Each structure stands twice: as C-alpha cells, then as structure tokens.
Amino acid sequence: MSVIRSQDVQAEGIPVTSCWNCRAAVTGAHFCAACGKVQPLPTGASYFAFFGLPQKLTIEPASLEGQFHMLSWKLHPDNFVRASEFERNLSLERSSQLNDAYRTLRDPIARVEYLLEHLGVRKEGTTKQQAPPELLEEVFELNESLDELREARAAGGDVAVLQGRLEDAQQNFQEKLDEVDAELAGLGRQWDAAVDFGGDDSKKQALLARMNELLNRRAYIRNLVAGVAKELGS
Amino acid sequence: MGRVVGIDLGTTFSLIAYLDAQTRAPVCIPGPYGSTLCPSVVSVGHDGKVIVGEPARAKLLKQPERTIYSVKRLMGRGVADVQDELKIFPFRIDPGSDNVIRVRLGDKSFTAPEISAYILRELKSWAEAYFKEPVDRAVITVPAYFNDAQRQATKDAGRLAGLEVLRLVNEPTAAALAYGLHRQKRGHVAVYDFGGGTFDISILKLISTNEGDIYQVLATNGDTHLGGDDIDNALLELARREIRDKFDVEFDHRGEAIQTLRKSLIRAKHELSTADKTIVQYPLEAKGMYIREITRAEFDELIRPIIARTMAPVKMALADAKLAPKEMDEVVLVGGSTRIPLVRKTVGDYFQRTPHCELDPDEVVALGAAVQADILETGVKTMLLLDVTPLSLGIETMGGVIAKIIPRNSTIPASAQELFTTGVENQTAIDVHVLQGERELA
C-alpha cells in the first residue's frame, strides 16, 4: 500500500527537478531558491505539501489562514500581469491549487476526506448510499413518517403531530451526526500521534479504514437530515 | 500607450475615475456639465446621431421611442430572461431577437453591449478631454452577482468602445477598496450595495500583512434585478392606479407622458430622503391636475417589501462566510438607493451598528476601480484583492441533474476535479454542459 510512503513533506516523493529558468535544483518549492522564478506544480504533490504541512489532521486555523494570505500575496496572478505567458500560467496553476488546498484543508471534514482520497483509501465520488445496518430501523421509521406527512399534506389532513415526530427524528439524527464528528476528531488525533511517533502500518490502516466508514455514515445521515429539513420547510 | 482608468458602468449613472499620481488618491472625472455622474441613457436622433448622458436624459421625455435607460438590466440576457422586466420597462425589443436581445431605438436596433459601449465612449471622451491624452485601458466594475454571460457582455462593451478591459472588478469589492484606503480600518466589513438596478452584499476580511493589505472576499450574494428602479416602479404603479381611478386616464407604458410622471416621482423619492413629506403634481391637460402628498411614513410602507427583499441575500452571504451580523466591524453603504432612510435603518438594525456612508455612495465604486487599475498598470502592488465566484459551477449529468464542482464563494482562480463515468457502454463522445447557479436541475 502507498499509505505509509508519505509521512512527511520530504517523503512525499516529489522528485528533484531543475528550475525551468536557471537550471538550479528545485524540490517542489513555489519559487526557485536561486533565481526566484515561480515553478510548475510537481505531479502528485498533496495539498498538505503545498502548505509545507505534514499529513496530519489537526491544523491550527489561524496559522493556515496566515499561510494562505502569505502565499496568495506571492502567487496571485496580479503579480504576473507583465510576465511571460508561461509564467502567467504557472501563477494561475499555483494560485488555483492554493485556493483549492485552502478551501479543503480549512474544513475539518473535507480535510479527512482529502487525506483518505490522497492515500488511496477512499475513492472519489463513491460515497456508499446504503444505510448503515445499525441505523436501518430508525431510517425505516423516518421514511415512513415522511411518507405519511406527504400523504397528510396532499389530503389536507392534520400534519402537526407528524411534523413533531419528524422534528424529533431530525434532532435524533443531528445528535448522531455530532457523535460521528466527535469520533472522527478523536481518530484524527490518534492518526496524528501515529504519524508523529511512527505507529505501525496495520494500526494506521485500521485508523484510516474506520475514518472512511465514519465518513460514509456521516454523508448518509447528513442526507437524511437535509431531506427532513427540506420536507419540514416546504 | 494611453492612460488607464476605472469605470463604474451603472444602471442609472456611470462614472470614470483615475488615481492621482501625486496624492495617490483616486478622483472622479467631471463631464461637460460639471457633474461626475453620467446618466446611463442613450438616445438616437432622427439623423442617426447617438447622444449619451445628460442630453439623452432630456430626450427621454421628448423622444422616448428613440431613447433607452437602465440597459444594464439587459446585459448578457436572452429574451426569455427578461419577460418580467418587459412588463415594467419601456424596452422596445426587436421582434427578431432570440438569444441576443436587440433593442429598437428609432429605426435602428442595437444589442445591450452596443448601447453600453456608447456610454463607455462618452466617459472615455470625458477623461481624454481632462488628460488631453488618449485613454485606452480600463478596469470596469460589475455587480458581484453577475453571471459569466453578463460579465462577458460588459467586456464586449468595453472592447466596442475601444478600451482594453484589464479586469472586471466586483462593485462591492471596489467599494471596499476605496473605503479601506480611506479609513485604514481592518477586520470584517459588510458592503451593502443597493444601486439603481442591482443589489449586492459582500462580506470581506481586511488583513494587514508585512507586505501590504489583503482584501479577502469571504462571501457574496445578491439579486441582479433589484434596485432603485423597483422603488420608482412601485411609486409609478400607485400614481397610475390613482390617476386611472380619479381621472379615468390610462397611460401607455412606453409613451412620453409616463416618462414625465416617472421623472416627478423620482424627484419625490429623492426629496423623501431628507424631507418628511413631499408633493407630486402632474398636469392631466383637460382633466385637471393630479396632486398627491406623499409622507415619509407612507413611502416607507410602500417600499418596505422591496427593502425586505435585500435581506435574504444578506443572510445567505453571512451564513456562507460563517459569521454573525454582530461580528462585522464595519458596515459600508454603496449605491444611490442607500440614501433612503428606511434602507439605512433596516441595515443598521440588522447589524446593530450605524453603517458608514462618508464616501459618496455614487462615486465610491469608480474610485475603487481606479485604485485597482493603477495597480495593474504600474505593477506597484500595495494591496491584493482576493475575490470569489458568486455562483456555483457545475456540469449537467444524466437526467439533467447538476453536479456542482466548484461551490459558490470559492476564492478565484479555482480548479476542481471530479470523476464521471459515461452513460452507456462504448460511448465515444461527451458534451460537457457547464452551468452556473444554485439550482439542482439543469
């Protein structure tokens, strides 16, 4: 598995290349240390590496934001209005990557999703849509209540009781969502510790697999909550 | 190379500004009538000559069939998009138009960018007379909530007017720029921009770094069809109804008479920004005189629903920025419609602070555009604007469902990738239908 290969920025496997302008050696840095020219994005570099961060899940928001502003100042296409088309494109490419990386990493959930995708544990766009088995019964009841509400509305019947029941269900699922988030945060800390202290492979794999399960569960519950909110709002 | 300027191409008025090299302060350039405001009105004479601005506004009464105002409402839009506007605005759409609207002025027809280009040319001539030098490049402002077609139409107008458009800057962002320079304030700023035809709200964060200031737009929202024009139309509806009931006079909504009535109602609206009441008088020839006192209280009740419509975008922008109203350090008012006391009160109550309006709400957008133009021109970067995409971007997938790929309020430039599979076996080609907006179905 490719999981363990990338523990820190140096180990991300960014090949040493030479600066397109002065031929000095560069290893994924935004600018060439020798001539200061903006460099192409290395293939396969992660959002973490873009910010010079280790692949850990605890990120201090203020320092990430500070980095974002500092890099925006340096990489923004406004700085390259008068540069060659080649450099303008490099600036555009790096600025886009900066904005995408910041948008992803500043959100704790998107951050976990990204890490799992980057490490090949989670395939993009393959969120499982079947109900987690332990939720089956509650989901069944919820769908029943939703159907009843729609029918009652169509028939012009009394909907207050049904609405109350749905609001309770919504509350219940919202709490489950909070539980999932808390567990994810805990796993994130364990992951960070494993990265710091070189935890063994099988332990890391288990953490990643559990996080992936939780993300699927989270996506499923969130859809439910959104569906109920939409029905109650209509 | 000629001079570079900043232009606010507004629904009601347009302005042109530059950055004074000595004072480093942006300044609006006055036109031949002494005002920095050029009415966004274009009129075509019987001889085919096109006139713009103040003299064209005079033609609005004499030759309404040859004169157009609020053309910004038609920028980048197709006939189907503007059906609601056509009921209220006296646009004479060429019956041959489909995707691109053509407007008839006298015996000729024009696209919206062509008409806007006349306004831009007029402003350009003001600046050239002022500098005694050619002007060939500009930063033009657009409502933050303009979509790509509306932005492209604005760029086309610039090109037709012989201007290289260096950048389109969002109006509230430009206002924040001018305002930030003026006040040297830092923190969260809400810019409430209520103009003649469009409403925008932007939530920004102003940051000072060792190298310079960063203006980061956190979220933007708005309604490209909500403005002072709607207030004028509400007043007009009221007057038309009363005149119909009392005098049995019906107005042709494209005629000359209604323009005269409209003009006196707009004057009444302006007066009610400072006075508690005003009187509208409108002669109905043989049938007598329509005399109507309008109090501030009655005016407020009439426009309350229009003002209320601005608050939904405000709430959405704050939710996207993940901020509460009370977390704003400053609230800035932009656009002529923010002179209305009820607007100021509504905004002040919501944010629980007195909004700022010390810069002229008509000029502030053009001033900000001039600042950005100077930075692009000189390459001397003292500040950086980080703007966002106002609408989500996605592609149409099977069954017309939109897969959003770049969410609204993402900092630009942005990129994103997502994996899609083909719909049938052995499919050899795909059409990628890129969509902008928040709907879930194409």
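Residues numbered from 1 in each chain as written. Chains lettered and ligands numbered in written order. Predicted model: local features only at pLDDT ≥ 70, side-chain atom pairs only at ≥ 80, totals over all residues. Heavy atoms only, no water.

Residues and elements named next belong to chain B. Read across the sheet, 3 strands follow the order β20-β19-β21 without closing on themselves; strand pairing throughout is antiparallel. A single partner strand is all that each edge strand has here, and the edge strands are β20 (402-406) and β21 (434-436). Between one strand axis and the next, the sheet turns by 40 degrees as a mean value, whatever way the strands run. Relative to β20, strand β19 (residues 393-396) runs antiparallel, the two being bridged by 4 bridges. Bridge pairing links Ile395 to Ala403 in β20. (Pairing = 2+ DSSP bridges. Helix = DSSP H or I, 4+ residues; strand = E, 2+ residues; numbered from the N terminus. Axes fitted to C-alpha atoms, helices over the stretch in contact; angles between N-to-C directions.)

Another point: helix α2 (residues 61-75) of chain A. A rise of 1.5 Å per residue sets the reference length of α2 of chain A, with its 15 residues, at 21 Å; its end C-alpha atoms lie 21 Å apart and thus fit the reference within 8%. Inspection of α2 of chain A places Leu64, Glu65, Phe68, His69, Leu71, Ser72, Trp73 and Leu75 of chain A among the buried residues, and these make up the whole buried set. On its buried side, α2 of chain A packs onto α1 (47-50) and α3 (85-105) of chain A together with β13 (199-208), β14 (213-223) and β18 (383-386) of chain B. (Expected span 1.5 Å × (residues − 1). Buried < 20%, exposed > 50% of the residue type's maximum accessible area, 1.4 Å probe, protein only. Contact = heavy atoms within 4.5 Å.)

Residue and element names in this part refer to chain B. Taking the residues that link successive antiparallel strands as the turn, the β19-β20 hairpin has 5 residues, and the phi of Gly399 there is positive, at about 80 degrees. Sheet topology places β19 next to β21; 3 bridges connect them, and they run antiparallel. Within the sheet, the bridge partner assigned to Gly394 lies in β21 and is Leu435.

This brings us to the pattern of salt bridges. All names here are of chain B. Counted according to the given criterion, the structure contains 36 salt bridges over all chains. Where Glu171 meets Lys72, a salt bridge forms, and the shortest distance between an N and an O atom there is 2.9 Å. On the criterion of sequence distance, the pair formed by Glu171 in helix α5 (residues 171-183) and Lys72 in the loop between β7 (67-69) and α2 (83-88) is long-range, its members being 99 residues apart. Take Glu171: its relative accessible area is 4%, and that puts it in the buried class. Linking Asp156 and Arg159 is a salt bridge whose minimum nitrogen-to-oxygen distance equals 3.3 Å. Residue Asp156 and its partner Arg159 are both found in helix α4 (residues 148-160); the two are separated by 3 residues, about one turn of the helix. We classify Arg159 as exposed; its relative accessible area is 56%. Salt bridges sharing common partners tie together Asp320, Lys404, Arg408 and Glu438. (Salt bridge = Lys/Arg side-chain N within 4 Å of Asp/Glu carboxyl O.)

Before going further, it helps to examine the interface of chain B and chain A. At the interface, 30 residues of chain B touch 20 residues of chain A. A combined buried area of about 2100 Å² lies between chain B and chain A, and 51% of that area is made up of carbon and sulfur atoms. At the junction of chain B and chain A, the tally comes to 2 salt bridges. Across the pair Glu65 of chain A and Lys205 of chain B runs a salt bridge whose closest N-O atoms are separated by 2.8 Å. If you look at where chain B meets chain A, you find 7 residue pairs in polar contact (both at pLDDT 80 or more). Listed by contribution, the elements that provide at least two residues to the side of chain B that touches chain A are β13, β14, α10 (364-378) and β18 of chain B. Among the residues making up the side of chain B that touches chain A, the classes are represented as 13 nonpolar, 9 polar and 8 charged. (Buried area = accessible area lost by both parts, 1.4 Å probe. Polar contact = N/O pair within 3.5 Å; in protein donor to acceptor, adjacent residues only side chain to side chain. Nonpolar A, V, L, I, M, F, W, Y, C, P; charged D, E, K, R; others polar.)

Before going further, it helps to examine the pairing of strand β15 (residues 277-283) of chain B. The two faces of the sheet receive side chains in turn, since in a regular strand these alternate between them. All names here are of chain B. Taking every second residue as pointing to the same face, the buried face of β15 carries Thr278, Val280 and Tyr282, while none of Lys277, Ile279, Gln281 and Pro283 on the other face is buried. Bridging between β15 and strand β16 (residues 289-295) involves 7 bridges; their strand directions are antiparallel. Looking at the pairing, Thr278 lines up with Ile294 of β16. Counting the residues between successive antiparallel strands, the hairpin from β15 to β16 contains 5 residues, one of them, Glu285, with a positive phi of roughly 50 degrees.

All names here are of chain B. For the peptide bond that leads from Ile412 to Pro413, omega is 0 degrees, which places it in the cis range. Following the sequence through the fold, Pro413 ends up in the loop between β20 and β21. In this structure, Ser70 takes a positive phi of about 55 degrees despite not being glycine. Residue position: Ser70 is located in the loop between β7 and α2. Phi angles above zero are rare outside glycine, and Gln352 is one such case at about 55 degrees.

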